[in-house]
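Spelled out from the first residue to the last, the chains are:
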There are 2 protein chains.
Amino acid sequence: MEPTQAVREPRQDRSRATRQRLLEAAVDCLSSLGWSRTTVAVVAERAGVSRGAAQHHFRTREELVTAAVEYGTEVRLRQVREHLNALAGRRLPTLDVLTMLAEMYTSPLFRAALQLWVAASSDEQLRAQVVPLEARVGRAAHRLTVEALGADESVPGVREMVQATLDLVRGLGLADLLTDDSARRSRLLRQWASTLDLALRDHTA
Amino acid sequence: MEPTQAVREPRQDRSRATRQRLLEAAVDCLSSLGWSRTTVAVVAERAGVSRGAAQHHFRTREELVTAAVEYGTEVRLRQVREHLNALAGRRLPTLDVLTMLAEMYTSPLFRAALQLWVAASSDEQLRAQVVPLEARVGRAAHRLTVEALGADESVPGVREMVQATLDLVRGLGLADLLTDDSARRSRLLRQWASTLDLALRDHTA
């Protein structure tokens, strides 16, 4: 007995909403409880979803957590993309771009990703799933940063300066893990903005 | 019955040697097995020390691991210090300084410290122990970097560039966690060396 179109649609919507609640709860749990306490059961409870329904979507913690970090990153990158599109070609000041990046790398999403990265570093099976995800996220973040900075990567050294910017904010994310590093970070980003402007100045469109 | 001086000394030496073996094995275990599999028992076995002797030195995993990261860092910083002293005032090329820093932040010791940092981010008690350690290590690494680069921090912006250098290599350490990032890192450090030389040039002694 096939359900009618009208019945099937809401059920798919419900399933999608459940999945999304689980993914969001998984990022929450990871960033606040850490890897070992983030089980499918704990995430299901935080999402207000039955354990059976959670198991239907994600069989293992590894599957759930990898999907959650991927989903969270896609959502965040899409927001940044929309923000850039809304500027309609106007360039953001370099410091604003850096501040936006630093916010991404000090967010609960970064903390969740860090838990996943670190767990994968001593788990071969998980590493095999996380390495392609890390590569995709890395490429997407790089492209967005190039675009936001208006950087011309055909000029020697510019690609490395964009990469250095992303490695720098990743390091800043780590420095913010245990203590509030925001005051030092602000001073550092102001300095970095002028360094970057100097390095990219003659090469930007 | 007090042991004679001759007997007491070797016993103290033995105890110190046991402790050191445990600390070194703990860094090994953390970086290869990760936090959750690094128990006092596992570390004792890797160190070739009885479980009882290990428990005599360290009651908990947290105590052992924090001491191990502190010990490993002190040893590494002392080696760098001796290397700088041996130069007797000659300045290392900036790229050599950066390469030395990047080696520290991609070593098993950094991976071990990362495991500890990330575990502490969701464990209040552990965080209370790790925060002062992180501060001490951070200050020592900063001082060494200033000295190795011959940077004059009284010049506006120089302090932030030294900090950015350390945040950058920390980010590079993270980027090397799951895949070999050495080729990209070399290109990036060459570019960073010229950026840093430019920023510090008029201000170095």
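Residues numbered from 1 in each chain as written. Chains lettered and ligands numbered in written order. Predicted model: local features only at pLDDT ≥ 70, side-chain atom pairs only at ≥ 80, totals over all residues. Heavy atoms only, no water.

Going by what an unreviewed UniProt entry lists, chain A is known as TetR/AcrR family transcriptional regulator and is assigned to Actinomadura keratinilytica.

**Student:** Help me out: how do you make sense of the overall build of chain A in this one?
**Tutor:** Secondary structure summary: chain A contains nine helices and zero strands in total. Ordered by position from the N terminus, the helices and strands of chain A form the series α-α-α-α-α-α-α-α-α. On the principal axes, the C-alpha backbone points of chain A span a range of 65 × 40 × 30 Å. Expressed as a percentage of its 205 residues, the buried residues of chain A come to 51%. (Helix = DSSP H or I, 4+ residues; strand = E, 2+ residues; numbered from the N terminus. Buried < 20%, exposed > 50% of the residue type's maximum accessible area, 1.4 Å probe, protein only.)

**Student:** Looking at this structure, I do not really get the relation of the copies chain B and chain A. What am I missing?
**Tutor:** What connects the two chain copies is a rotation about an axis and a shift along it. Taken as rigid bodies, chain B and chain A are interconverted by a rotation of 180 degrees and an axial shift of 0.0 Å, the fit giving an RMSD of 0.0 Å. Here the two chains are linked by the operation of a two-fold rotation axis. (Least-squares fit on C-alpha atoms with pLDDT ≥ 70 in both.)

**Student:** Please explain the UniProt feature "DNA-binding region" (unreviewed entry) in chain A as it appears in this structure.
**Tutor:** Mapped onto this numbering, the UniProt entry gives "DNA-binding region" (unreviewed entry) at residues 39-58 of chain A. With 75% helix and 0% strand, residues 39-58 of chain A has its two end C-alpha atoms placed 11 Å apart. (UniProt positions renumbered as here; feature names shortened; annotations may be inferred.)

**Student:** Sorry, what's going on with the interface of chain B and chain A here?
**Tutor:** A common way to state how big an interface is: give the accessible area lost once the parts meet. Counting residues at the interface gives 37 residues for chain B, matched by 37 residues for chain A. For the pair chain B and chain A, the summed buried area comes to about 3400 Å², and 64% of that belongs to carbon and sulfur atoms. Our enumeration of links across chain B and chain A arrives at two salt bridges. Linking A:R184 and B:D167 is a salt bridge whose minimum nitrogen-to-oxygen distance equals 3.0 Å. (Contact = heavy atoms within 4.5 Å. Buried area = accessible area lost by both parts, 1.4 Å probe. Salt bridge = Lys/Arg side-chain N within 4 Å of Asp/Glu carboxyl O.)

**Student:** So what exactly am I meant to see when it comes to the side chain of A:H57 here?
**Tutor:** Residues and elements named next belong to chain A. Summarising the element assignment, H57 is placed in helix α3 (residues 51-57). You can call H57 buried: its relative accessible area is 16%. Among residues more than four places away in sequence, those in contact with H57 are S15, T18, R19, L22 and E63.

**Student:** Which parts of the structure should I look at to understand the UniProt feature "domain: HTH tetR-type" (unreviewed entry) in chain A?
**Tutor:** The UniProt record annotates "domain: HTH tetR-type" (unreviewed entry) at residues 16-76 of chain A. With 80% helix and 0% strand, residues 16-76 of chain A has its two end C-alpha atoms placed 19 Å apart.

**Student:** Is there a simple way to think about the packing of helix α6 (residues 108-120) of chain B against helix α7 (residues 124-149) of chain B in this case?
**Tutor:** To characterise two packed helices, one gives the angle between the axes of the helices and the distance between these axes. Residue and element names in this part refer to chain B. With their axes 9 Å apart at the nearest point, α6 and α7 run at an angle of 135 degrees to one another. With respect to their mutual orientation, α6 and α7 come out oblique. The two elements α6 and α7 meet at a crossing, and its hand is left-handed. Residues L116, W117, A119 and A120 of α6 pack against L126, R127, V130, L133 and E134 of α7. A per-class count over the contact of α6 with α7 returns seven nonpolar, no polar and two charged. (Axes fitted to C-alpha atoms, helices over the stretch in contact; angles between N-to-C directions. Parallel < 35°, antiparallel > 145°, perpendicular 65-115°, else oblique. Left-handed = near helix turned anticlockwise from the far one by under 90°. Nonpolar A, V, L, I, M, F, W, Y, C, P; charged D, E, K, R; others polar.)

**Student:** Looking at this model, I keep getting lost on the packing of helix α8 (residues 158-175) of chain A against helix α9 (residues 182-200) of chain B. Mind explaining?
**Tutor:** In the contact formed by α8(A) and α9(B), the axes pass within 9 Å of each other and the chain directions differ by 95 degrees. It follows that α8(A) is roughly perpendicular to α9(B) by the angle criterion. Contacts between α8(A) and α9(B) involve A:E160, A:M161, A:Q163, A:A164, A:D167 and A:R170 on the former and, on the latter, B:R184, B:R187, B:L188, B:Q191 and B:T195. For the contact of α8(A) with α9(B), the per-class residue count stands at three nonpolar, three polar and five charged.

**Student:** Sorry if this is basic, but what is going on with the environment of B:C29 here?
**Tutor:** Within the fold, B:C29 resides in helix α1 (residues 5-33). C-alpha separation for the pair B:C29 and B:A112, spaced 83 residues apart in sequence, amounts to 8.1 Å.

**Student:** What is the right way to read the environment of A:A175 from this model?
**Tutor:** Here A:A175 is to be found in helix α8. Linking A:A175 and A:E45, residues 130 residues apart in sequence, is a C-alpha distance of 31 Å. Setting aside residues no more than four positions away along its own chain, A:A175 makes contact with A:D181, A:R184, B:D167 and B:R170.

**Student:** In this structure, what is going on with the pattern of salt bridges? I would like to understand it.
**Tutor:** Opposite charge on two side chains lets them pair, provided their charged atoms get close. All names here are of chain A. Applying the stated rule across the entire model yields 22 salt bridges over all chains. D13 serves as the salt-bridge partner of R16, at 3.5 Å between the closest nitrogen and oxygen. Within this pair, R16 and its partner D13 are both found in helix α1 (residues 5-33), separated by three residues, close to a single helical turn. With a relative accessible area of 43%, D13 lands in the partly exposed category.

**Student:** Explanation requested: the side chain of A:S121 in the structure shown.
**Tutor:** Turning to its location among the elements, A:S121 is positioned in the loop between α6 (108-120) and α7 (124-149). When its relative accessible area of 9% is taken as the criterion, A:S121 is described as buried. One polar contact links the side chain of A:S121 to the main-chain carbonyl oxygen of A:V118, over a distance of 2.7 Å. Excluding residues that lie within four positions of it along the chain, A:S121 makes contacts with A:R127, B:Q115, B:L177 and B:L178. (Polar contact = N/O pair within 3.5 Å; in protein donor to acceptor, adjacent residues only side chain to side chain.)

**Student:** Is there a simple way to think about helix α2 (residues 40-47) of chain A in this case?
**Tutor:** One full turn of an α-helix is made of 3.6 residues, so residues set three or four places apart face in the same direction. Here α2(A) has its buried residues at A:V40, A:V43, A:A44 and A:A47. Along α2(A), the residues classed as buried sweep out an arc of 105 degrees about the axis, all on the same side. (Arc of directions from axis to C-beta.)

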